[in-house]
Amino acid sequence: MDETTLTARLPQPVAARVQSLKWTDGRVTAILDGSGLGAAERDALETAVKDVLGSAPDVAEVRVAIMADKPVRSGPVIVAVGSGKGGVGKSTLTANLAVALARSGRRVGLVDADVYGPSQPTLLDTEGQRPQAENDKLIPIDSRFGVKMLSMGHLVEPGKALAWRGPMASGAFGQLVDAHWGDTEVLLLDLPPGTGDVQITMLQKHKPAGAVIVSTPQDLALIDAQRAAELFGKGGVPIIGLVENMSGYVCPHCGEASDPFGRGGVEDAAAEAGLPFLGRIPLSLVVREASDAGTPPAAGDGEGADAFHAIAAKLGQWLDQRAGPGSA
Ligand SMILES: Nc1ncnc2c1ncn2[C@@H]1O[C@H](COP(=O)(O)OP(=O)(O)O)[C@@H](O)[C@H]1O
Ligand SMILES: [Mg+2]
């Protein structure tokens, strides 16, 4: 009996898991890859190998060892925040989710990957700071909201337009992601708007564990959000859910509610696409003014904070489920 003949007897899905198979004097020793399998599936795999090979001629005994999962990549879980279109509040949402998650006790990092319009230094009040480097790697900047962060805006002179082409953009982005993130649990990526080569390269290189898509309820923004969903789908990045921003406006003077961009469109679009809806953030003067002033609403409890906290809680649930029971 030789190894090839024995392996050939196994059904294809079982054979695909064989890492090594040895036959010596009637005894078969099989080492199988058990990555991604639950206990029941491992048992079934072992039984299948024992049954099939045990009935082969010249085989008296079958020993099976199933290797455990490969150790998971260390480092933070990367969550991308994307939108097909610019100006829909992607950066505002990313900053406030980061601040809200940090407030709930998580170790949070944020990478501002928007080469064309980095706005996180303004949002998180780190304008003008420069990250230090150690062993050729950047050290993230500690914002005063408990969020560590790095932005394209920290790498260039303020006010200088970044007319970088694809390869330079993704090179600089790589430096931000492969920085000294230490024990950071979750790293939020503020992706540049659009669904072009720059975004695709970023996703392929750094493989986020999931993505949040933000859109306004306008039809045009929704079409672009759909493109963003396709982009993540192509990159194999699971979509955590959709967020509706700038939905509904309550006039601070007369209290009258209006819907400048419509309302509920994102929730409908999510339902249609079978994707989770994470919540809506009202269009609010407070949100805009606080953002411009470098005091993210999610850092406080006032108007505008609740919506961000609720969405961050859902993202937290997603992170916990992903980590699975038993992990800290
Ligand atoms: N919910 C909101 N209410 C009021 N203004 C908002 C809201 N969300 C974002 N903005 C404002 O809209 C502008 C664009 O938001 P930004 O987060 O920079 O968008 P993006 O990153 O998608 O280009 C900013 O001036 C921001 O303060
Ligand atoms: Mg932005």
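Note that this is a predicted model, so its numbers are computed, not measured.

Caption draft 1: How the structure looks around the environment of Y116. Relative to the elements of secondary structure, Y116 occurs in the loop between β5 (108-112) and α5 (120-123). Each C-alpha atom of the pair Y116 and A169 lies 9.2 Å from the other, and the pair is 53 residues apart in sequence.

Caption draft 2: Up close: the pairing of β5. Summarising burial for β5: five of the five residues are buried, a large majority. The alternating pattern of β5 places V108, L110 and D112 and G109 and V111 on opposite faces, both of which are buried. Bridge count for β5 against strand β9 (residues 147-151) is five bridges, and the pairing is parallel. Considered in β9, the bridge of G109 is made with K148.

Caption draft 3: The pairing of strand β10 (residues 186-190), seen in detail. For β10, the tally of buried residues reaches five of five residues, placing the bulk of the element in the interior. Neither face of β10 is exposed, since V186, L188 and D190 on one face and L187 and L189 on the opposite face are all buried. Relative to β10, strand β4 (residues 77-82) runs parallel, the two sharing five bridges. Looking at β10, one finds that I78 is bridged to L187. Bridge count for β5 against β10 is five bridges, and the pairing is parallel. Within β10, the position partnered with V111 by the bridge is L189.

Caption draft 4: Spotlight on the side chain of S151. Checked against the element boundaries, S151 lands in strand β9. A polar atom in the side chain of S151 sits 2.9 Å from the side chain of D112. Not counting residues up to four positions away in its chain, the partners in contact with S151 are D112, P118, P121 and L176.

Caption draft 5: Seen up close, the site of ligand 1. In the vicinity of ligand 1 lie 16 residues, with G87, K90, S91, T92 and N245 positioned nearest. Residue S284 places a main-chain N or O atom 2.9 Å away from a nitrogen atom belonging to ligand 1. For the shell around ligand 1, the secondary structure elements donating two or more residues are α4 (90-103), β12 (239-250), β14 (277-283) and α10 (285-292).

Caption draft 6: Up close: helix α9 (residues 265-273). Turning to α9, its buried residues are G265, V266 and A270. Viewed end-on, α9 has its buried residues packed into an arc of 135°, placing them on one side of the element. Exposed and facing more than 90 degrees away from the buried side of α9 are A271 and E272. Tucked inside the fold, the buried residues of α9 contact β11 (210-215), α8 (219-234), β12 and β14. Positive backbone phi, approximately 70°, marks G274, located one or two places after α9.

Caption draft 7: Quick peek at the pattern of salt bridges. Taken as a whole and assessed by the stated rule, the structure comprises 14 salt bridges. Residue D183 is joined to R107 by a salt bridge in which the shortest nitrogen-to-oxygen separation is 3.6 Å. Taken as a pair, D183 in the loop between α6 (166-177) and β10 and R107 in the loop between α4 and β5 lie far apart in primary sequence, 76 residues in all. By sharing partners, the salt bridges in this structure join R27, E61 and R63 into a single network.

Caption draft 8: The arrangement of the layout of surface pockets in detail. Here the second largest pocket is characterised by a volume of approximately 450 Å³. The wall of the second largest pocket is formed by 26 residues, among which G87, V88, G89, T92 and M246 lie closest to the centre. Residue assignment for the lining of the second largest pocket shows that the elements contributing at least two residues are α4, α5, β12, β14 and α10. A total of five residues in the lining of the second largest pocket trace back to one element, the largest contributor, which is α10.

Parameters and conventions
Residues numbered from 1 in each chain as written. Chains lettered and ligands numbered in written order. Predicted model: local features only at pLDDT ≥ 70, side-chain atom pairs only at ≥ 80, totals over all residues. Heavy atoms only, no water. Helix = DSSP H or I, 4+ residues; strand = E, 2+ residues; numbered from the N terminus. Buried < 20%, exposed > 50% of the residue type's maximum accessible area, 1.4 Å probe, protein only. Pairing = 2+ DSSP bridges. Polar contact = N/O pair within 3.5 Å; in protein donor to acceptor, adjacent residues only side chain to side chain. Contact = heavy atoms within 4.5 Å. Near = heavy atom within 4 Å. Arc of directions from axis to C-beta. Salt bridge = Lys/Arg side-chain N within 4 Å of Asp/Glu carboxyl O. 1 Å grid on protein atoms, 1.4 Å probe; cavity = no way out; pocket = protein on both sides within 12 Å on 5 of 7 lines; lining within 4 Å. Points joined across faces, edges and corners; volume = space filled by probe spheres on them.

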